[in-house]
Amino acid sequence: NAGVTQTPKFQVLKTGQSMTLQCAQDMNHNSMYWYRQDPGMGLRLIYYSASEGTTDKGEVPNGYNVSRLNKREFSLRLESAAPSQTSVYFCASAIEESSPLHFGNGTRLTVT
Amino acid sequence: GENVEQHPSTLSVQEGDSAVIKCTYSDSASNYFPWYKQELGKRPQLIIDIRSNVGEKKDQRIAVTLNKTAKHFSLHITETQPEDSAVYFCAARARDSSYKLIFGSGTRLLVRP
């Protein structure tokens, strides 16, 4: 039981490049989330998926897209990376609406 | 939408003293308030949570209090230890913001030996 697994752990991109951050959970959770963490700004919600087949915008969705591929997997795509997207990205999941979030180990992304 | 403010941004205490971190929220429909601890370079982990039908909850040295009227909640850590040093985040989830958990900006707690 690995919990929430994120890949890659580290990534460096040049401005304008694209990439997809992968997230998978093996806890049979219904909802999944993508957050970004910047110094002094806490965790900000990018997108979330309440259940398989649904996605919705969070606080800071601009520049990102998501795909809930199946119940286990929720990916985050940057189509054209910008330096402002340099951050640590956390994926999380929860079994139901009022349940605690379980976080992955994060992906540290640098855009030069 | 929901907005969560957290204070202080940094807190330094002597080992054995108590630490208090406070958060306020804007959406009166919020009904779930967790606290997360994040050690350097690691993932946030839940340490305690409280729901809107409860005013206080304790777990050993950690307690959380909720004042729904004033829309604020607090984390209390007693008998602090060096291993309590970390960043602590509060969060709030509104009943009508399905699955959306909004976080405060974090408090860096340093416990001096």
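The structure reproduced in this document is the subject of the present report. None of these values were measured; they are calculated from a predicted model. (Residues numbered from 1 in each chain as written. Chains lettered and ligands numbered in written order. Predicted model: local features only at pLDDT ≥ 70, side-chain atom pairs only at ≥ 80, totals over all residues. Heavy atoms only, no water.)

1. Considering the overall build of chain B
Here is step 1 of the chain: For chain B, the count of helices and strands is zero helices and eleven strands.
Here is step 2 of the chain: Each helix and strand of chain B, ordered N terminal to C terminal, gives the series β-β-β-β-β-β-β-β-β-β-β.
Here is step 3 of the chain: Taking 113 residues into account, the globule formula puts the C-alpha radius of gyration at 13 Å, and chain B, at 14 Å, falls close to it.
Here is step 4 of the chain: For chain B, the C-alpha atoms occupy an extent of roughly 45 × 30 × 20 Å along the three principal directions.
Here is step 5 of the chain: Buried residues in chain B amount to 47% of all 113 residues.
Here is step 6 of the chain: Counting contacts in chain B only where the partners sit at least 6 residues apart, residues at least 24 apart contribute 54% of the total.
Here is step 7 of the chain: Summed over its atoms, the accessible surface of chain B is roughly 5600 Å², and 46% of this surface lies on carbon and sulfur atoms. (Helix = DSSP H or I, 4+ residues; strand = E, 2+ residues; numbered from the N terminus. Rg over C-alpha atoms; globule rule 2.2 N^0.38 Å. Buried < 20%, exposed > 50% of the residue type's maximum accessible area, 1.4 Å probe, protein only. Contact = heavy atoms within 4.5 Å. Areas by Shrake-Rupley, 256 points an atom, 1.4 Å probe, with all protein chains shown as cover.)

2. Considering the nonpolar core
All names here are of chain B.
Here is step 1 of the chain: Core analysis: the largest hydrophobic core is formed by 25 residues, its most contacted members being Trp-35, Phe-73, Leu-75, Tyr-88 and Leu-109.
Here is step 2 of the chain: For this core, the secondary structure elements donating two or more residues are strand 2 (10-14), strand 3 (19-25), strand 4 (30-38), strand 5 (45-51), strand 7 (62-67), strand 8 (72-77), strand 9 (86-94) and strand 11 (107-112).
Here is step 3 of the chain: Those residues within four positions of Leu-75 in sequence are excluded, and the remaining contacts are Ala-19, Val-20, Ile-21, Trp-35, Ile-47, Ile-48, Ile-62, Ala-63 and Tyr-88. (Core = buried A, V, L, I, M, F, W, Y, C linked by side-chain atoms within 4.5 Å.)

3. Observations regarding the state of the cysteines
Here is step 1 of the chain: The final tally for this structure, using the stated rule, is two disulfides over all chains.
Here is step 2 of the chain: One disulfide in the model links Cys-23 of chain A with Cys-91 of chain A; its S-S distance is 1.9 Å. Because the torsion about its S-S bond is -75 degrees, the bridge between Cys-23 of chain A and Cys-91 of chain A counts as left-handed. Of the two residues, Cys-23 of chain A sits in strand 3 (residues 19-25) while Cys-91 of chain A sits in strand 9 (residues 87-94), which places them 68 residues apart along the sequence. A single burial state applies to Cys-23 of chain A and to Cys-91 of chain A, both of which are buried.
Here is step 3 of the chain: The disulfide bridge from Cys-23 of chain B ends at Cys-90 of chain B, spanning 1.9 Å between sulfur atoms. Given an S-S torsion of about -100 degrees, the disulfide between Cys-23 of chain B and Cys-90 of chain B has left-handed geometry. (Disulfide = S-S within 2.5 Å.)

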